[in-house]
Amino acid sequence: MSIYRKVQAIERVFASLEREVATFQESTGMKCLSGCGACCKKPDIAATPLEFLPLAYQLYKSGQAYKWFEELRAEPEMANCKAFLPFVSEGDRGFCNQYNQRGLICRLFGFSAMLDKQGVPQLITCKTIKTEFPEAHSVSIKHIADKQPVPIMRNFYFQLRAIDTDLGQTLMPINKAIEEAIKVVLSYYSYRQRRGA
Ligand code: SF4
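As a starting point, this report considers the structure included with it. Because the structure is predicted, anything quoted here is derived from the model rather than measured. (Residues numbered from 1 in each chain as written. Predicted model: local features only at pLDDT ≥ 70, side-chain atom pairs only at ≥ 80, totals over all residues. Heavy atoms only, no water.)

**Overview of the nonpolar core**
Logical step 1: By size, the foremost hydrophobic cluster in this structure holds 55 residues, and its most contacted members are Phe-52, Leu-53, Leu-104, Leu-160, Ile-178 and Ile-182.
Logical step 2: Counting only elements with at least two residues in this core, the list comes to α1 (3–28), α2 (53–61), α3 (65–74), α4 (104–108), β5 (121–124), α6 (134–145), α7 (153–161) and α9 (174–194).
Logical step 3: Element by element, the count of residues in this core is highest for α1, at nine residues.
Logical step 4: Setting aside residues up to four positions removed in sequence, Ile-178 forms contacts with Phe-52, Leu-55, Trp-68, Leu-72 and Cys-81. (Core = buried A, V, L, I, M, F, W, Y, C linked by side-chain atoms within 4.5 Å. Buried < 20%, exposed > 50% of the residue type's maximum accessible area, 1.4 Å probe, protein only. Helix = DSSP H or I, 4+ residues; strand = E, 2+ residues; numbered from the N terminus. Contact = heavy atoms within 4.5 Å.)

**As for the packing of α1 against α6**
Logical step 1: For the pair α1 and α6, the least separation of the axes is 9 Å and the interaxial angle reads 115°. Taken together, α1 and α6 sit at an angle that is classed as roughly perpendicular. Once α1 is placed against α6, the crossing between them reads as right-handed. Taking contact as the criterion, the partners of Phe-24, Ser-27 and Thr-28 in α1 are, on α6, Ala-136, Val-139, Ser-140, His-143 and Ile-144. (Axes fitted to C-alpha atoms, helices over the stretch in contact; angles between N-to-C directions. Parallel < 35°, antiparallel > 145°, perpendicular 65-115°, else oblique. Left-handed = near helix turned anticlockwise from the far one by under 90°.)

**Points about unusual backbone geometry**
Logical step 1: The backbone of Lys-147 sits at a positive phi, close to 65°, despite the residue not being glycine.
Logical step 2: Checked against the element boundaries, Lys-147 lands in the loop between α6 and α7.
Logical step 3: For Lys-147, a relative accessible area of 75% gives the class exposed.

**Remarks on the pattern of salt bridges**
Pairing of side chains with opposite charge becomes possible as their charged atoms draw close.
Logical step 1: Tallied over the entire structure, the rule returns ten salt bridges.
Logical step 2: Between Glu-18 and Arg-107 there is a salt bridge, and its shortest N-O distance comes to 3.5 Å. Residue Glu-18 is located in helix α1, and its partner Arg-107 is located in helix α4; the two are separated by 89 residues in the primary sequence.
Logical step 3: For Arg-107, a relative accessible area of 7% puts it in the buried group.
Logical step 4: Of the charged contacts, one joins Asp-146 and Lys-142 as a salt bridge, the two residues approaching to 2.7 Å between their closest N and O atoms. (Salt bridge = Lys/Arg side-chain N within 4 Å of Asp/Glu carboxyl O.)

See the structure below:
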């Protein structure tokens, strides 16, 4: 499958997730605190290269892929996700500068459930949502306990893996995942250019 087709397939999975998240949010009132980027500041976010293939593809199309790749390689211990831009103003909140191309974990976190050892869905959300929106949090817990629809993390990882098992298999630090995705895209187009395709 070409990179373009893979990107399209990944975007279809993301679109389906967005619909499920929207339904869950409408039913429960769950939302992020406006302007909050706390989850992106976590130093240990793990992701697969595949979920960042759309970002890598867009960077390639806009001529930024090589620059990102070099910057990621030059700073392997980068503290935050490369796509995270902290505000310099009061409050030091942050935001994603690649929101439309963010990865699967970025879309799932806060509004999805993980199956526990007994196969029972457990809400995965953050401390900020829990403390800022306690009512919505309680409604969500009940909603899930009542077996109402919630995006299940595992299902979306399976769907991505079906697109490319190798790139969707291994979890790694988020910046490494972005770097690997860019490497795949650069190699793919460099090969095609050499062949004059
Ligand atoms: S890609 Fe964007 S949303 Fe995901 S961790 Fe990085 S800054 Fe946050």
